[in-house]
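Residue-level structural notes
Okay, here's what each chain looks like letter by letter:
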Amino acid sequence: MVLFTSYSTNASKSSWLLSGSKGRYTDMTRVTILNQYFYPDNVTSATLTYELACGLAKNGYDVKAVAGMPYEYQTNTSVARREIKNNIEINRIDYSSYDRSSKIGRIRNYFSFFWSIKRNKKLLKNTDVLITYSSPPINPILPAIYRKKYGYKMVNVIYDLYPDLACNFGYMKPNGLSQKILIFINDFVYKKCDKIVVLSQEMKQYFIDHKGHADKVSVIPNWYNDDHGQADDIAVDTKRLSVLYGGNIGIVQDTETLALGIDKFKNRDDIEFIFAT
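Residues numbered from 1 in each chain as written. Predicted model: local features only at pLDDT ≥ 70, side-chain atom pairs only at ≥ 80, totals over all residues. Heavy atoms only, no water.

**Here we look at the sheet that holds strand E5 (residues 62-68)**
The cut-off we apply is this: By the convention used here, strands pair only if DSSP detects at least 2 bridges between them. Note on conventions: DSSP H or I runs of at least 4 residues are helices, E runs of at least 2 residues are strands, and numbering of each starts at the N terminus. Lines are fitted to the C-alpha atoms to define the axes, a helix being fitted only along its stretch in contact, and any angle between axes, read from their N-to-C directions, falls within 0 to 180 degrees. Every residue pair with non-hydrogen atoms within 4.5 Å of one another is taken to be in contact.
Pairing in this open sheet of 8 strands is mixed, and the strands run E6-E7-E5-E4-E8-E9-E10-E11 from one edge to the other. Edge strands, defined here as strands with exactly one partner in the open sheet, are strand E6 (82-85) and strand E11 (217-219). For this sheet, the mean angle separating the axes of adjacent strands, direction not counted, is 20°. Both strand E8 (residues 129-133) and strand E9 (residues 153-157) contribute to a ladder of 5 bridges, which runs parallel. Bridged to Leu130 within E9 is Met154. Across the sheet, helix H3 (residues 141-150) is in contact with strand E4 (30-34), E8 and E9; its angle to E9 comes to roughly 165°.

Structure representation (structure tokens):
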């Protein structure tokens, strides 16, 4: 048996993100989250950032989000450019939306959002902590440039390590111009960051071994939940062995092993596979 669900947490103690290597930012109450995708986009990165914002707002932080208009993952065309939801001030900025099915289209989308941030850089003012994300890799460049001018602490959350990932899977030529540009960008951003967040202990060790900045790096897994309660939206049959896969399914995931496992036990009624993506 194979079940598919969308699993999320209530981000009950997301203010943990603001515990820095040099002590908790106790006197910093204004937080801005910058990401291309946010509520109501129906995509994982939007869900994660929105839940983080909700958790921070619930814990008493003054939260603002700066995101793109929901062109790519939302069919609702009546979304407001600015709204208050769950005590979060959401500011949405225009960018050109190209066909994501092509590599060129995705790159054009990334750069279009980048220039939109530059045009709307005033939205990054008046904040104590700015949280930005590495998807796409150019996203943290402008926050790093404006950090000193606007006087905020910068937290960079890294989902994927580029150019390492692209080179390892043959999508980018090792020692090529693209790799060198991304390494230059990353080195600049990492130096400007006050805190760097990665998703696992293995990712942290890889980052320290290859990038350095051991004093800045912390681990916060996706879908982290302090409550340690059972997710209500995953119906687990206690009479079966439940095998849970949580996360993305893409080119870097070992889906062949998953498929082989499902095929091997497909006739077993006492085993179920649950995919939470």
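Next, the rest of the story.
**Observations regarding the packing of H3 against helix H5 (residues 177-192)**
The line we're drawing: Roughly parallel means an angle under 35 degrees; roughly antiparallel, over 145; roughly perpendicular, 65 to 115; everything else is oblique. The handedness criterion is simple: a crossing whose near helix is rotated anticlockwise from the far helix by less than a right angle is left-handed, and one whose near helix is rotated clockwise is right-handed. Only Asp, Glu, Lys and Arg are considered charged, only Ala, Val, Leu, Ile, Met, Phe, Trp, Tyr, Cys and Pro nonpolar, and every remaining residue, Gly among them, polar.
Where H3 contacts H5, the two axes come as close as 9 Å, and the packing angle between them is 40°. If you check the angle between H3 and H5, you find them oblique. Considering the relative orientation of H3 and H5, their crossing is left-handed. Between H3 and H5, the residues in contact are Ile141, Ala144, Ile145 and Arg147 and Ile185, Phe188, Val189 and Lys192, respectively. Partitioning the contact of H3 with H5 into residue classes produces 6 nonpolar, no polar and 2 charged.

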